[in-house]
Amino acid sequence: MKVYAESVLGLGRDLKYIERFVKTIKSCANGVDIPESSLGYPSINSVVLASIIVNVFNVDTIAHVRLADVNHLGFLPLAYAAQSLSIGRLLVTVGDPPKVGKPVSYLASEDSLKLARVYGVRRLKIGAILSLRFPLEKIYERLRRDFNFYLVLRFSEKNLDKFAKVSEKATGLGKELYPYVIVATEKEY
Amino acid sequence: MFPTKIKYLVNGIIVSCPKDRRGLTKALHAAKTIQVKELKQYLLLLEVEVGSRARSYAIL
């Protein structure tokens, strides 16, 4: 089981900060998961950040792309960059409504996957969000899509039995599952 | 408690603690210990409603 540390970096975070962060987590995590503009607030571009973390610090990453913010030509350069710059996995998600400007929203996750494959992005692992709030049939239907991996929401002790069934199905289909675990501390909860 | 069997059901987990870097590091160490030693169970998984969202939380 790999352990990824989630990292969201806003304006004012420089290369030294990134280096400190990577050094801190390197001994206890296998990689870094990098959301793009969480909750619709702007952050450092995740593909750029992932490229630095992979190529400068040699740590695995999952980079996210928010489809609410890009059209077809906006998405493809990000997918090209991710594949060309050795970013292991690219997550495509519509994302929360932007807090700055209006959503573009031309692409759903499946559209962006097809677009990337049609335009030659074959080696890059592309993934999507999978929420456990849906019934099993819907979850299985999503697992059968051509995504390579899924980041799982609503993973909790209550639905572990359901998750075990999802895991069995995913294993049979050769899909990777990475549930989110949000740590509740005094500052966070 | 965070069942050790989880590690057989997932390819990995993503540990999130955006407002508390120390909490993140502590959780990562706990997750690693589960991975390596399979002895102790550190994390309690909860589903919590935050606004319109339900998120999974782990309490150290």
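Please refer to the structure higher up on the page.
Residues numbered from 1 in each chain as written. Chains lettered and ligands numbered in written order. Predicted model: local features only at pLDDT ≥ 70, side-chain atom pairs only at ≥ 80, totals over all residues.

1. Points about the overall build of chain A
Within chain A one finds six helices and seven strands. In chain A, the succession of α and β elements from N to C terminus is β-α-β-α-β-α-β-α-β-α-β-α-β. For chain A, the C-alpha radius of gyration of 16 Å lies close to 16 Å, the compact-globule estimate for 189 residues. Here the C-alpha coordinates of chain A stretch approximately 45 × 40 × 30 Å along the principal axes. Across the 189 residues in chain A, those meeting the buried criterion constitute 40%. Of all intrachain contacts in chain A linking residues separated by at least 6 positions in sequence, the fraction that spans at least 24 positions is 74%. (Helix = DSSP H or I, 4+ residues; strand = E, 2+ residues; numbered from the N terminus. Rg over C-alpha atoms; globule rule 2.2 N^0.38 Å. Buried ≥ 20, exposed ≤ 12 C-beta atoms within 10 Å, placed from the backbone. Contact = placed C-beta atoms within 7 Å.)

2. Concerning unusual backbone geometry
Residues and elements named next belong to chain A. The backbone phi angle of S37 is positive, close to 45 degrees, even though this residue is not glycine. If you trace the backbone, S37 turns up in the loop between β2 (31–34) and α2 (46–55). Not every positive phi belongs to a glycine, and L39 is a case in point at roughly 60 degrees. Tracing the chain through its elements places L39 in the loop between β2 and α2.

3. Considering α2 of chain A
All names here are of chain A. What α2 keeps buried is the set S46, V47, L49, A50, I53 and V54. Projected down its long axis, α2 shows its buried positions confined to an angular sector of 160 degrees, all on one face. Check the buried side of α2 and you find it contacts α1 (15–26), β2, β3 (60–66) and α3 (72–84). (Arc of directions from axis to C-beta.)

4. Considering the packing of helix α5 (residues 136–143) of chain A against helix α6 (residues 160–173) of chain A
All names here are of chain A. Put simply, α5 and α6 touch, their axes get as near as 10 Å, and they point 25 degrees apart. As far as their axial angle goes, α6 and α5 are roughly parallel. Relative to α6, α5 is oriented so that their crossing is right-handed. Residues L136, I139, Y140 and L143 of α5 pack against K162, K165, V166, K169, A170 and L173 of α6. (Axes fitted to C-alpha atoms, helices over the stretch in contact; angles between N-to-C directions. Parallel < 35°, antiparallel > 145°, perpendicular 65-115°, else oblique. Left-handed = near helix turned anticlockwise from the far one by under 90°.)

5. Some points on the pairing of strand β5 (residues 125–131) of chain A
Two faces, one strand: in a regular strand the side chains alternate between the faces of the sheet. Residues and elements named next belong to chain A. Where strand β4 (residues 89–93) meets β5, three bridges bridge the pair, whose relative direction is parallel. Each bridged residue has a counterpart across the sheet, and for R89 the counterpart in β5 is K125. Bridge analysis of β5 against strand β6 (residues 149–153) gives five bridges, and the strand direction is parallel. Of the residues in β6, the one forming a bridge with A128 is Y150. On the question of chirality, the crossover connecting β5 to the parallel β6 by way of α5 is right-handed. (Pairing = 2+ DSSP bridges. Right-handed = clockwise from strand over helix to strand, strands pointing away.)

6. A look at the environment of S7 of chain A
Residues and elements named next belong to chain A. Locating S7 in the fold gives a position in the loop between β1 (2–6) and α1. Put simply, S7 and V32 are 25 residues apart on the chain and 6.7 Å apart in space, counted from C-alpha to C-alpha. Those residues in contact with S7 that lie beyond four places of it in its chain are F21, V32 and I34.

7. Quick look at helix α4 (residues 109–118) of chain A
Residues and elements named next belong to chain A. When α4 is considered as a whole, its buried residues turn out to be S109, S112, L113 and A116. Buried residues in α4, looked at end-on, bunch into an arc of 105 degrees, giving them a common side. Turning to α4, the residues buried within the fold contact α3, β4 and β5. Residue G120 follows α4 closely and has a positive phi angle near 90 degrees.

8. Brief notes about the packing of α3 of chain A against α4 of chain A
All names here are of chain A. Where α3 contacts α4, the axes come no closer than 10 Å and their chain directions differ by 60 degrees. In terms of axis orientation, α3 runs oblique to α4. Crossing of α3 against α4: the hand is right-handed. For the pair α3 and α4, contact is made by H72, F75, L76 and A79 and by S112, L115 and A116, respectively. Looking at side-chain class alone, the contact of α3 with α4 contains five nonpolar, two polar and no charged residues. (Nonpolar A, V, L, I, M, F, W, Y, C, P; charged D, E, K, R; others polar.)

9. Considering the nonpolar core
Core analysis: the largest hydrophobic core is formed by 61 residues, its most contacted members being Y4, L90, V152 and Y178 of chain A together with V15 of chain B. A per-element tally of this core places strand β7 (residues 176–184) of chain A first, with six residues. Residues within four places of V152 of chain A in sequence aside, it is in contact with L130, L132, L177, Y178, P179 and Y180 of chain A. (Core = buried A, V, L, I, M, F, W, Y, C linked by C-beta atoms within 7 Å.)

Read these as layout, nothing more, since geometry by itself doesn't imply function.
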